[in-house]
Amino acid sequence: MRDDIPRRSASVLDLIGRTPLVEVTRFDVGLCRLFLKLESANPSGSIKDRPARAMIEAAEASGRLKEGGTVVEATAGNTGVGLALVAARKGYRTVLVVPDKMSREKILHARALGAEVVLTRSDVGKGHPDYYQDLAEAIAAKTPGAIYVNQFANPANPGAHEATTGPEILDQLQGDVDAVVVGVGSGGTLTGVGRYMRCASPKTEMVLADPAGSVLAPYVETGAMGQAGSWAVEGIGEDFVPPNCDLSLVKKAYSIADPESFATARELLRLEGVLAGSSSGTLLAAALRYCREQTRPKRVVTFVCDSGAKYLSKVFNDAFLAQEGWLGRKATGTVRDVVVNRFDEGAEIFVRPTETVASAFARMRAADISQLPVIEDGRVVGIVDESDLLDALAAGADAKRVFGQPVGEVMTRELETVSADAPVEELLPLFARNLVPLVMEGGAFLGLATRIDLINYYRVRDR
Ligand code: PMP
């Protein structure tokens, strides 16, 4: 057998850690060399498998977690998925408290591993009973045999990185590492890797990559604790300094705004072929800035904290970027701004009148939309929406026949149009009449304007 292929493992838990390192070669890194540690290669797809296993095994070793016990945690998603994996393998129940801005993929993943997921608000702070950490602690306190894992203060979290992540990095780079760029969610990676480097490689600087809106980078750079804002990147950034986060280890910090984090993650996939999540975009953006600022060659490491497969519907979805206002379209205050899927950019999802109701419905479901333009020879000839489909089904015919009917037979032919140059307020009376207007630019169809698009328009305009 070839000795570079790992031997078979008795459990998937033995596949946690020993992740690969790959050099970044298609980005401008100035005088430096930049390496990515692919924590996305862990069994549940993130860096959090390491502390998840360590925290559960520490609770077992201390006798707090026994057979039939329950693991409760407040989590942005990845810690929960890691805990759910380890708990499932070991036979424990898992309850996760998750703030509602977190991606669908992570919640589905945790539930599929058998975890119970309690969704809570993401618009309240520490001390509020609905704040995810307070709620998780309360659930653990009233559940017999339960432990509250508390990644924010649990010493086994940084301990896992001190024992494994740090040594692996130094080993993979033959003991020569000038800087490690990390994000902070709980602070486990920063504190664990930072402590290890302080002893094993004192020259190694710890660099913080933080989403703009988080209090951490401003605190490191100015010493002032500001008010937290909000950010879309998941898993990193804080509104407080967690007990596990030793900021004294940080040499330099960068605040990275969401659009740059998302764009960098997309560029990483396009240029290097590495599928990474949004926080990895933040880390890479900060690492690139650090590298380009150096006046002598340095060896720098950062992380792919988790797989981009967890964010296909966000980071790698143009409609999501358009909704956030990150596609570089200029704001004009007109109806044009409300159109998310632009027909002229090839993005509008549509159906032909000769196609079946089943096809129309499949496209609506897949794109999570309630209506489709019906297009023939590049011209809009109708609209089909949920009520058209329901009306056809309610008319009593058997559903199989309705789904086999051509869309042309069930669509609405009366079309309401609105000019792309009209002020957005002109949409309101149309929506009041339950119409879905076609937005026209001159004689050309630009896309549909719907209620949810307008709601989102106001959210983004005034944030
Ligand atoms: N990136 C992602 C995607 C995460 O989920 C987390 C953990 N919340 C981190 C980075 C940061 O790791 P840590 O908790 O060790 O600070």
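Residues numbered from 1 in each chain as written. Predicted model: local features only at pLDDT ≥ 70, side-chain atom pairs only at ≥ 80, totals over all residues.

Brief notes about the overall build of the protein chain
Link 1 in the chain: Within the protein chain, the regular secondary structure consists of 15 helices and 15 strands.
Link 2 in the chain: In terms of overall size, the protein chain behaves like a compact globule, its C-alpha atoms giving a radius of gyration of 25 Å where 463 residues would be expected to give roughly 23 Å.
Link 3 in the chain: Its C-alpha atoms give the protein chain principal-axis dimensions of roughly 75 × 55 × 55 Å.
Link 4 in the chain: Taking all 463 residues of the protein chain together, 46% fall into the buried category.
Link 5 in the chain: Taking as baseline every contact in the protein chain between residues at least 6 positions apart, the subset at least 24 positions apart corresponds to 67%. (Helix = DSSP H or I, 4+ residues; strand = E, 2+ residues; numbered from the N terminus. Rg over C-alpha atoms; globule rule 2.2 N^0.38 Å. Buried ≥ 20, exposed ≤ 12 C-beta atoms within 10 Å, placed from the backbone. Contact = placed C-beta atoms within 7 Å.)

Overview of the nonpolar core
Link 1 in the chain: One finds Val 180, Val 181, Val 182, Leu 208, Ala 286 and Ala 287 to be the most contacted residues of the largest nonpolar core, which totals 71 residues.
Link 2 in the chain: Ranked by residue count, the leading element in this core is helix 9 (residues 278–293), at eight residues.
Link 3 in the chain: Membership of the second largest hydrophobic core comes to 34 residues, among which are Ala 58, Ala 59, Leu 83 and Tyr 92. (Core = buried A, V, L, I, M, F, W, Y, C linked by C-beta atoms within 7 Å.)

Digging into the site of the ligand
Link 1 in the chain: Around the ligand sit 20 residues in total, of which Gly 185, Ser 186, Gly 188, Gly 235 and Cys 305 are the nearest.
Link 2 in the chain: A class-by-class count of the residues in the shell around the ligand yields five nonpolar, 12 polar and three charged.
Link 3 in the chain: Mapped onto the domain boundaries, the shell around the ligand takes at least three residues apiece from domain 1 (12–45 + 156–311) and domain 2 (49–148). (Near = placed C-beta within 6 Å. Nonpolar A, V, L, I, M, F, W, Y, C, P; charged D, E, K, R; others polar. Domains from an automatic or database assignment.)

Some words on the environment of Met 225
Link 1 in the chain: Topologically, Met 225 is positioned in the loop between helix 7 (216–222) and strand 9 (250–256).
Link 2 in the chain: Classification of Met 225 by C-beta neighbours within 10 Å gives exposed; the count is 12.
Link 3 in the chain: Residues Met 225 and Phe 240 lie 15 residues apart in sequence; the distance between their C-alpha atoms is 8.7 Å.
Link 4 in the chain: Among residues more than four places away in sequence, those in contact with Met 225 are Val 215 and Tyr 219.

Quick look at unusual backbone geometry
Link 1 in the chain: Positive phi is not limited to glycine here, since Arg 18 has a value of about 50 degrees.
Link 2 in the chain: Mapped onto the fold, Arg 18 is located in the segment before strand 1 (21–24).
Link 3 in the chain: Owing to 13 C-beta atoms within 10 Å, Arg 18 belongs among the partly exposed residues under this scheme.
Link 4 in the chain: Phi at Gln 174 takes a positive value of approximately 50 degrees, unusual for a residue other than glycine.

Describing the packing of helix 1 (residues 49–62) against helix 5 (residues 156–172)
Link 1 in the chain: Axis separation between helix 1 and helix 5 bottoms out at 8 Å; the angle between their running directions is 120 degrees. The angle between helix 1 and helix 5 places the two elements in the oblique class. When you trace helix 1 past helix 5, the crossing you get is right-handed. Where helix 1 approaches helix 5, its residues Arg 50, Pro 51, Ala 54, Met 55 and Ala 58 are matched on the opposing element by Ala 156, Asn 157, Gly 159, Ala 160, His 161, Thr 164 and Thr 165.
Link 2 in the chain: In terms of residue class, the contact of helix 1 with helix 5 is made up of six nonpolar, five polar and one charged. (Axes fitted to C-alpha atoms, helices over the stretch in contact; angles between N-to-C directions. Parallel < 35°, antiparallel > 145°, perpendicular 65-115°, else oblique. Left-handed = near helix turned anticlockwise from the far one by under 90°.)

Details of helix 1
Link 1 in the chain: Across its 14 residues, helix 1 extends 20 Å between first and last C-alpha, which sits within 8% of the 20 Å expected from 1.5 Å per residue.
Link 2 in the chain: Considered for burial, the residues of helix 1 that qualify are Asp 49, Arg 50, Pro 51, Ala 52, Arg 53, Ala 54, Met 55, Ile 56, Ala 58 and Ala 59.
Link 3 in the chain: Considering only its buried residues, helix 1 is in contact with strand 3 (70–74), helix 2 (78–90), strand 6 (146–148), helix 5 and helix 6 (188–200).
Link 4 in the chain: At the exit of helix 1 stands Gly 63, carrying a positive phi of roughly 85 degrees. (Expected span 1.5 Å × (residues − 1).)

So, the domain arrangement of the protein chain
Link 1 in the chain: The domain architecture assigned to the protein chain consists of domain 1 (12–45 + 156–311), domain 2 (49–148) and domain 3 (329–461).
Link 2 in the chain: Computed from C-alpha coordinates alone, the two centres of domain 1 and domain 3 are separated by 43 Å.

Observations concerning the packing of helix 2 against helix 3 (residues 104–112)
Link 1 in the chain: Running from amino to carboxyl end, helix 2 crosses helix 3 at an angle of 15 degrees, the nearest separation of the two axes being 9 Å. The angle between helix 2 and helix 3 falls in the class roughly parallel. Pair helix 2 / helix 3 crosses with left-handed handedness. Here helix 2 contributes Asn 78, Gly 80, Val 81 and Ala 84 to the contact with helix 3, which in turn contributes Lys 106, His 109 and Ala 110.

A short note on the sheet that holds strand 7 (residues 179–182)
Link 1 in the chain: Spatial ordering of the open sheet is given by 1-2-10-7-8-9, a layout of six strands whose pairing is mixed. Strand pairing shows two members of the sheet lacking a second neighbour, strand 1 and strand 9, which therefore form its edges. If you compare each strand with its neighbour and ignore which way they point, the axes differ by 25 degrees on average.
Link 2 in the chain: By the bridge criterion, four bridges tie strand 1 to strand 2 (residues 33–38) in an arrangement that is antiparallel. Bridge assignment links Val 24 to a residue of strand 2, and that residue is Leu 34.
Link 3 in the chain: Sheet strands in contact with helix 9 are strand 2, strand 7, strand 8 (205–211), strand 9 and strand 10 (299–304), and its direction is about 170 degrees off that of strand 10. (Pairing = 2+ DSSP bridges.)

Looking at the pairing of strand 10
Link 1 in the chain: With five of six residues buried, strand 10 lies mostly within the body of the structure.
Link 2 in the chain: Across six bridges, the pairing between strand 2 and strand 10 is parallel. Residue pairing for strand 10: Leu 38 is matched across the bridge by Val 304.
Link 3 in the chain: In this structure, strand 7 lies alongside strand 10, joined through three bridges in parallel fashion. Bridging from a neighbouring strand, Ala 179 pairs with Val 300 of strand 10.

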